[in-house]
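# Close look at the chain arrangement
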Amino acid sequence: MECVFGLVGDGFALIAADTSAVHSILVHKSNEDKVMILDSHKLLGASGEGGDRVQFTEYIQKNVHLYQFRNGIPLTTAATANFTRGELAIALRKNPYFVSILLAGYDKDIGPSLYYIDYIATLHKIEKGAFGYGSYFSLSMMDRHYRSGMSLEEAIDLVDKCIMEIRSRLVVAPPNFVIKIVDKDGAREYGWRESIKDAGVAAA
């Protein structure tokens with residue numbers, strides 16, 4: 001019952017995601033971070049099959065770093081989105097990845113941006129978006145409350161509304177969420193919204 005959603009505000013973009021690692025009817029952990037910091041000014045939130053998600057996002061991260069090492073300049077957010085889309089399109093015809101992505105970034109001359117890339121390599125630049133079962137509720141909340149140029153406080157309030165709606169309406173709702181933002185000061189973790197924590201296993 002995954003959920004990844006994001007939006008663009010006034011001078012920043014943010015991505016929020018559930019932190020549950022599940023398989024079938026089992027919850028393996030509830031602190032799995034599904035929002036990767038790609039580089040200093042980019043975030044990548046992913047939803048999909050666990051192995052594909054980890055493998056593909058790490059592959060993108062290392063290639064973004066490799067480009068910067070080779071050329072001395074980082075990829076722009078748009079270039080990273082197009083590279084990611086290209087790799088998904090190539091894999092689609094060989095060994096597809098079942099992973100959908102929200103890519104947020106901040107570029108000095110452009111500002112914040114958010115890109116939607118699904119598992120069949122569809123790419124769109126968007127203001128707000130979501131993946132997973134929770135998207136049924138988070139998208140409706142954002143349609144109602146989102147507006148262009150929101151402040152960080154307003155955006156976080158909207159994220160909290162989306163999380164509360166998911167928790168109250170989704171039959172098997174993920175308990176914990178992580179929120180990360182990217183702006184002119186870089187990409188960083190903003191906070192967690194936790195209703196349960198992983199219990200430590202006592203040593204035998």
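Structure first, text after, so check above.
Below or above, wherever it landed, is the structure these notes cover. Please read these numbers as outputs of a predicted model, since none were measured by experiment.

Before going further, it helps to spend a moment on the pairing of strand β9 (residues 123-126). Both strand β8 (residues 111-117) and β9 contribute to a ladder of four bridges, which runs antiparallel. Within β9, the position partnered with Tyr-115 by the bridge is Lys-125.

Our focus in this paragraph is the pattern of salt bridges. Pairs can form between side chains of opposite charge whenever their charged atoms are close. Tallying each qualifying case throughout the model produces 13 salt bridges. A salt bridge links Lys-34 to Glu-2; the nearest nitrogen and oxygen atoms lie 2.9 Å apart. Separated by 32 residues along the polypeptide, Lys-34 in the loop between β4 (26-29) and β5 (35-39) and Glu-2 in the segment before β1 (3-8) bring together distant segments of the chain. It is possible to trace a salt-bridge network through shared partners that takes in Glu-2, Asp-18 and Lys-34.

On to the side chain of Ser-47, then. Relative to the helices and strands, Ser-47 is located in strand β6 (residues 42-48). Of the residues examined, Ser-47 reaches a relative accessible area of 8% and is grouped as buried.

Contact pair helix α1 (residues 50-71) / helix α2 (residues 77-92): the axes reach a minimum separation of 11 Å and the direction vectors enclose 135°. In terms of orientation, α1 lies oblique with respect to α2. The element α1 and its partner α2 pack so that their crossing is right-handed. Residues Phe-56, Tyr-59, Ile-60, Asn-63 and Val-64 of α1 form the contact with α2, whose own contacting residues are Thr-80, Phe-83, Thr-84, Glu-87 and Leu-88. In terms of residue class, the contact of α1 with α2 is made up of six nonpolar, three polar and one charged.

Ranked by internal contacts, the top residues of the largest apolar core, which has 39 residues, are Phe-5, Leu-7, Leu-14, Ile-15 and Met-142. Of all the secondary-structure elements, those providing two or more residues to this core are β1, β2 (12-18), β7 (99-107), β10 (128-132), α3 (135-145), α4 (152-169) and β11 (177-183). Here this core takes seven residues from α4, the largest share from any one element. Once you skip the residues sitting within four places of it in the chain, Leu-14 turns out to touch Phe-5, Gly-6, Leu-7, Ala-155, Ile-156, Val-159, Lys-180 and Ile-181. Residues Ala-46, Leu-103, Tyr-115 and Ile-117 belong to the second largest nonpolar core, which totals 19 residues.

Cut-off values and rules
- Residues numbered from 1 in each chain as written.
- Predicted model: local features only at pLDDT ≥ 70, side-chain atom pairs only at ≥ 80, totals over all residues.
- Heavy atoms only, no water.
- Pairing = 2+ DSSP bridges.
- Helix = DSSP H or I, 4+ residues; strand = E, 2+ residues; numbered from the N terminus.
- Salt bridge = Lys/Arg side-chain N within 4 Å of Asp/Glu carboxyl O.
- Buried < 20%, exposed > 50% of the residue type's maximum accessible area, 1.4 Å probe, protein only.
- Axes fitted to C-alpha atoms, helices over the stretch in contact; angles between N-to-C directions.
- Parallel < 35°, antiparallel > 145°, perpendicular 65-115°, else oblique.
- Left-handed = near helix turned anticlockwise from the far one by under 90°.
- Contact = heavy atoms within 4.5 Å.
- Nonpolar A, V, L, I, M, F, W, Y, C, P; charged D, E, K, R; others polar.
- Core = buried A, V, L, I, M, F, W, Y, C linked by side-chain atoms within 4.5 Å.

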